[in-house]
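Listed below, chain by chain, are the residues.
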Amino acid sequence: SYDFNKTTLLNHVKELSSDSYEGRETGTKGATKAKNYIISEFKKLHVQPLGKDFGQVFPMKEIQGENILGLVKGNEKPNEYIVISAHYDHEGIKNGKIYNGADDDASGISALFAFAEYFKKYPPKHSIILAAFDAEEKGLIGSFYFVENSIVPKTQLKLNINMDMISRSDKKELYAVGPQHYPQYKSIIENTTESGELSLKIGHKEWTTMSDHAGFHKAGIPFIYFGVEDHKDYHKPTDDFENIHPTFYTDAVQTILSFFKDADTK
């Protein structure tokens, strides 16, 4: 049994990784389209904006990026925040080919919506920031900006759960990176209920700086990063919806949600 609608989860990935989003490169029409889609879904799911509105604009050399930040208030520890994150940007169009980024990272963004859907039924104990980061592919710029210009006091950010590439694995393996640095989460990961045939493993410490959790770690904020090993379509125009593994993906999101439920009680 799943704590979210599987069909909806898959439909969001299919939509965000469709050609009409033109690969969601930061600063392009496709990125704006993705941003508007995320805001509209957050509103439907009763997610509040973290700041005055959902957008957190940040400067870059010739363009600007924009993080989309939602808030779900905690009912027991409202002043302690868990940041659940994924990045909505991808590689755009190169040599006339669209890099759709279904696994990287439409899969993580759709999982944010699954979390929001879950919170509608089961309000979290901690306050939750649902962060859709921009400019990850440009060097983790959006997530570093978020941490360095924190809208809530940085000391109140208790944990980052980052999801980047969670929708396919030939070996049915999902990795949790972070317990190597933050051992207080090791037993939670080890006791997390694995959904379906998925195997949750602790590993790949070398991924510590590879995605949006890096800025949290640098600031001393604990993180757990969930992701799969690189596959043949990684950063290629073939990272399309047709190539994700729907059963593995829904099992991955459910497993991450199971981890969250335990982490939220701490």
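For the structure itself, look to the data block above.
Figured I'd write up the structure that's included with this text.

What counts as what
Every chain is numbered on its own, with residues counted from 1 as its sequence reads. Totals for whole chains, interfaces and linings use every residue, but because this is a predicted model, local features are given only for residues with pLDDT of at least 70 and side-chain atom pairs only at 80 or more, for both listing and counting. Only hydrogens and water are removed before side-chain values are computed, so all heavy atoms of the structure are retained for them. Relative accessibility thresholds used throughout: buried, under 20% of the residue-type maximum; exposed, over 50%; partly exposed, between the two (1.4 Å probe, protein chains only). Secondary structure follows DSSP: runs of H or I at least 4 residues long count as helices, runs of E at least 2 residues long count as strands, and numbering of each begins at the N terminus. Whether two strands pair depends on DSSP finding at least two bridges between them. Contact definition: two residues touch when any of their heavy atoms are within 4.5 Å. Take the buried Ala, Val, Leu, Ile, Met, Phe, Trp, Tyr and Cys residues and link them wherever side-chain atoms come within 4.5 Å; each set so joined is a nonpolar core. Paired rings are identified among Phe, Tyr and Trp, the last through its six-membered ring, by centres lying within 6.5 Å, and are further divided according to the angle between planes into stacked (under 30 degrees), edge-to-face (over 60) and tilted (the rest). Note on criteria: charge over ring means Lys NZ or Arg CZ within 6 Å of the ring centre, with the direction from the centre no more than 35 degrees off the ring normal. Orientation is described by axes fitted as lines to C-alpha atoms, over the contacting stretch for helices, and by angles from 0 to 180 degrees between their N-to-C directions. Note on terminology: angles under 35 degrees are roughly parallel, angles over 145 are roughly antiparallel, angles of 65 to 115 are roughly perpendicular, and the others are oblique. For a crossing to be left-handed, the near helix must be turned anticlockwise from the far one by less than a right angle; the clockwise case is right-handed. Under the scheme applied, nonpolar residues are Ala, Val, Leu, Ile, Met, Phe, Trp, Tyr, Cys and Pro; charged residues are Asp, Glu, Lys and Arg; polar residues are all the others, including Gly. One fewer than the residue count of a helix, multiplied by 1.5 Å, yields its expected span.

## Quick word on the pairing of strand E9 (residues 173-177)
- Of all five residues that make up E9, five are buried, and the element is covered over most of its length.
- In terms of strand pairing, E9 meets strand E10 (residues 199-202) through four bridges, oriented parallel. When the sheet's bridge partners are listed, Glu 173 is paired in E10 with Ser 199.

## Considerations on the side chain of Thr 250
- Tracing the chain through its elements places Thr 250 in helix H7 (residues 246-264).
- Those residues in contact with Thr 250, other than ones at most four positions away along the chain, are Tyr 2, Phe 4, Lys 6 and Leu 9.

## Some words on the nonpolar core
- Ile 84, Leu 130, Leu 174 and Phe 226 are the most contacted members of the largest nonpolar core, which totals 66 residues.
- It is helix H3 (residues 102-121) that provides the largest number of residues to this core, a total of eleven residues.
- When neighbours within four sequence positions are excluded, Leu 174 is seen to be in contact with Ile 166, Leu 198, Ser 199, Leu 200, Lys 201, Phe 226, Gly 227, Val 228, Phe 248, Ala 252 and Ile 256.
- One finds Leu 50, Leu 71, Val 152 and Ile 221 within the second-largest nonpolar core, a separate group that totals 14 residues.

## Digging into the packing of aromatic side chains
- Evaluation of the coordinates by the stated rule reveals 19 aromatic pairs.
- Ring geometry for Trp 207 and Tyr 225: centres 6.0 Å apart, planes at 65°, overall edge-to-face. Of the two residues, Trp 207 sits in the loop between E10 and helix H6 (214-218) while Tyr 225 sits in strand E11 (residues 223-227), which places them 18 residues apart along the sequence. Per residue, the accessibility class of Trp 207 equals that of Tyr 225, and both read buried.
- Taken together, Tyr 21, Tyr 37, Phe 42, Phe 54 and Phe 113 form an aromatic cluster joined through their ring pairs.
- Its end group placed over the ring of Tyr 21, Lys 33 keeps NZ or CZ at 4.9 Å from the ring centre.

## Thoughts on the pairing of strand E7 (residues 126-133)
- Summarising burial for E7: eight of the eight residues are buried, a large majority.
- Note: strand E3 (residues 64-72) against E7, five bridges, orientation antiparallel. When the sheet's bridge partners are listed, Gly 70 is paired in E7 with Leu 130.
- Inspection of the sheet shows strand E4 (residues 77-87) paired to E7 by eight bridges, in the parallel sense. Paired with His 87 across the strands is Phe 133, a residue of E7.

## Looking at the packing of helix H1 (residues 6-16) against helix H2 (residues 29-44)
- Two elements in contact, H1 and H2, have axes separated by 11 Å at closest approach and are oriented at 160°. Between H1 and H2, the angle is such that the two are roughly antiparallel. Along this stretch, H1 crosses H2, giving a crossing that reads as right-handed. Contacts between H1 and H2 involve His 12, Glu 15 and Leu 16 from the first element and Ala 34, Tyr 37 and Glu 41 from the second.
- For the contact of H1 with H2, the residue count by class is three nonpolar, one polar and two charged.

## Notes on the packing of H3 against H7
- Two elements in contact, H3 and H7, have axes separated by 11 Å at closest approach and are oriented at 50°. Considered as vectors, H3 and H7 are oriented oblique to each other. When the axes of H3 and H7 are compared, the crossing they make is right-handed. Here H3 contributes Ala 106, Ser 107, Ser 110, Ala 111, Ala 114, Phe 115, Tyr 118 and Phe 119 to the contact with H7, which in turn contributes Tyr 249, Val 253, Ile 256, Leu 257, Phe 260 and Lys 261.

## Quick word on unusual backbone geometry
- Of the consecutive residues Asp 104 and Asp 105, the connecting peptide bond is found in the cis state with omega at 5°.
- With a phi close to 55°, Arg 24 is a non-glycine residue in the positive phi region.
- With respect to the secondary-structure elements, Arg 24 resides in the loop between H1 and H2.
- Here Arg 24 falls in the buried class, since its relative accessible area comes to 1%.
- Of note, the phi angle at Ala 135 is positive, near 60°, even though the residue is not glycine.
- Looking at the element boundaries, Ala 135 is found in the loop between E7 and helix H4 (141-148).
- In this structure Ala 135 comes out as buried when scored by relative accessible area, which is 0%.

## Considering H2
- Over its 16 residues, H2 extends 23 Å from the first C-alpha to the last, a length consistent with the 22 Å expected when each residue adds 1.5 Å.
- What H2 keeps buried is the set Gly 30, Ala 31, Ala 34, Lys 35, Tyr 37, Ile 38, Ile 39, Glu 41 and Phe 42.
- For H2, the elements touching its buried residues are H1, E3, H3 and E7.

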